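What the coordinates show
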Amino acid sequence: MRPLQMVDTKTQYHKIKAEVDAAVIGVMESSQFIGGKPVTDFANNLAAYNGSKHVIPCANGTDALQIAMMALGLQPGDEVITPSFTYIATVEVAALLRIKPVFVEVDKKTFCIDPVAIEKAITPKTKAIVPVHLYGHAANMDAIMKIAAKHNLFVIEDNAQAIGNNYTFSDGSVKKTGSIGHIGCTSFYPSKNLGAFGDGGAIFTDDDALAAKMRMIASHGQSKRYYHDVVGCNSRLDTMQAVILDIKLKHLDEYIAARRKAADYYDAAFAGNPKIETPFRAKDNSHVFHQYTLILHDLNRDALHQFLADKGIPSMIYYPVPAHRQKMFDEFGGSDYVLNDTDWLTERVISLPIHTELDEEQQAFIVSAVLEFAGR
Ligand SMILES: *Cc1c(COP(=O)(O)O)cnc(C)c1O
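Okay, so let's go over this structure. (Residues numbered from 1 in each chain as written. Predicted model: local features only at pLDDT ≥ 70, side-chain atom pairs only at ≥ 80, totals over all residues. Heavy atoms only, no water.)

Some remarks on the overall build of the protein chain
The following threshold applies: To qualify as a helix, a DSSP run of H or I must reach at least 4 residues; to qualify as a strand, a run of E must reach at least 2; elements of each kind are numbered from the N terminus. For the radius of gyration, the atoms used are the C-alpha atoms, and the globule rule reads 2.2 Å times the number of residues raised to 0.38. Burial status follows relative accessibility: with a 1.4 Å probe on protein chains alone, a residue under 20% of its type maximum counts as buried, one over 50% as exposed, and anything between as partly exposed. Note on contacts: a residue pair qualifies if any of its non-hydrogen atoms lie within 4.5 Å across the two residues.
The helix and strand tally for the protein chain stands at 13 helices and 14 strands. A globule of 376 residues ought to have a C-alpha radius of gyration of about 21 Å, and the protein chain, at 21 Å, matches this closely. For the protein chain, the spread of C-alpha atoms along the three principal axes comes to 65 × 55 × 40 Å. The buried share of the protein chain, taken over its 376 residues, is 55%. Of the contacts made within the protein chain by residues no fewer than 6 positions apart, 72% connect residues no fewer than 24 positions apart.

Given below as structure tokens:
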């Protein structure tokens, strides 16, 4: 059996090695390492794939979120409503810009922001909602977009974990996550579903003016070289990463299918076990399984983590401390929040290995270890 890993980027690389190696050597031969046609080509292909009018490539997913908030003109003291049960980047960039993150509960089934909690948290200072498609499961965008329209708020989707996901609205229309809000943000961190061989990120929008502004901000506030109209930053996607991502983009749907197949295997193996709650599967199948995350009932989660580790099976706790309990947010009153569902999940979730290269022999081994611990 191949050794178990949370994500196996090496085996995935070997399947497309010839094409990737040739593309990387091509960049080295051209010696254009920043910008150029490969970056534009990738951005155009990604925009077409995602059904978005504009894609602005940038250095990483955290920058994407920061540039989005800057472009919307959010000011110190403004509020953005976000889940606390998320990766820190979502909320850190708000704090960095002195925008107040207002933490709300997630739905205990989907792990995504609870629309009812959003409406309760709206104040005259609220400017935006930042839903996160956590673990690859789409947030309830139907409800979120209605709330945003009613209260005149912006929506920035954190699509770092869900690129390629299809979300079905109540009227039957289908859109890719990241193309639904006013702005979508994603990350090409190597372990993400569309992973680079280093850092990378992208911003999606259909709004021409916002796109132009975000391009400027990502490039030191300039649209004409050496004329700096607004305060920006330096956030670029390397040419080398762009050529690799362009190759991997062609495989993204097949990568998602492989993750779903692995999820189906786990689902079937754990079905009916009262101690193991498998991920919620929405009717529209809007889950791309960036993570396969269980909720444990009446089981010692940390003991299971150790039990698996002793057998050479990695597992992860995403995330051991919710954002509102991070020291970083003390000054924003983080510790004043009462988010019982978020705390409840934080104590019970555990993520098992899931990736495009996981085979049934590996999964059978993982499943039998989990069931040995939990009881059948
Ligand atoms: C990975 C991730 C980010 C940040 O992406 P980086 O490229 O690492 O900066 C933001 N939000 C979520 C939910 C993520 O998973």
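Let's pick the thread back up.
A closer look at helix α5 (residues 89-96)
A large share of α5 lies buried, amounting to six of its eight residues. Along α5, the positions that sit buried rather than exposed are Ala-89, Thr-90, Val-91, Val-93, Ala-94 and Ala-95. The inward-facing, buried residues of α5 contact α4 (61-71), β2 (79-83), β3 (100-104) and β5 (154-158). After α5 finishes, the residue Arg-98 shows a positive phi value of roughly 65°.

Looking at the site of the ligand
This is how the line gets drawn: A molecule or strand has a residue near it when one of that residue's heavy atoms lies within 4 Å. For the purposes of these results, a polar contact is taken to be a pair of N or O atoms within 3.5 Å, where, inside protein, one atom must be able to donate a hydrogen and its partner to accept one; residues adjacent in sequence count only when each atom of the pair is a side-chain atom. With residues, only the protein chains shown are counted as cover, and all accessible areas are computed by Shrake-Rupley using a 1.4 Å probe. The distinction between a cavity and a pocket rests on a 1 Å grid over the protein atoms alone: a 1.4 Å probe fits inside a cavity but cannot get out, while a pocket stays open yet meets protein on both sides within 12 Å along at least five of seven lines, and a residue with an atom within 4 Å of a point counts as lining. Just a note on the criterion: a molecule sits in a pocket or cavity if more than half of its atoms are within 2 Å of the grid points.
For the ligand, the set of nearby residues contains 13 residues, the closest of which are Thr-62, Asp-158, Gln-161, Ser-187 and Lys-192. Contact between the ligand and Thr-62: an oxygen atom at 2.5 Å from a side-chain N or O atom of the residue. The separation between an oxygen atom of the ligand and a polar side-chain atom of Ser-187 is 2.7 Å. Protein contact buries 93% of the 380 Å² of open area that the ligand shows by itself. If you map the ligand onto the pockets, it falls in the second largest pocket.

Describing helix α12 (residues 340-348)
Heads up, the rule is: Directions from the helix axis toward the C-beta atoms define the arc.
Among all positions in α12, only Thr-342, Asp-343, Leu-345 and Thr-346 are buried. Burial along α12 is one-sided: seen end-on, the buried residues are contained in an arc of 165°. Exposed residues pointing more than 90 degrees away from the buried face of α12 are listed as Asn-340 and Glu-347. Close packing links the buried residues of α12 with β13 (292-296), α11 (301-310) and β14 (349-352).

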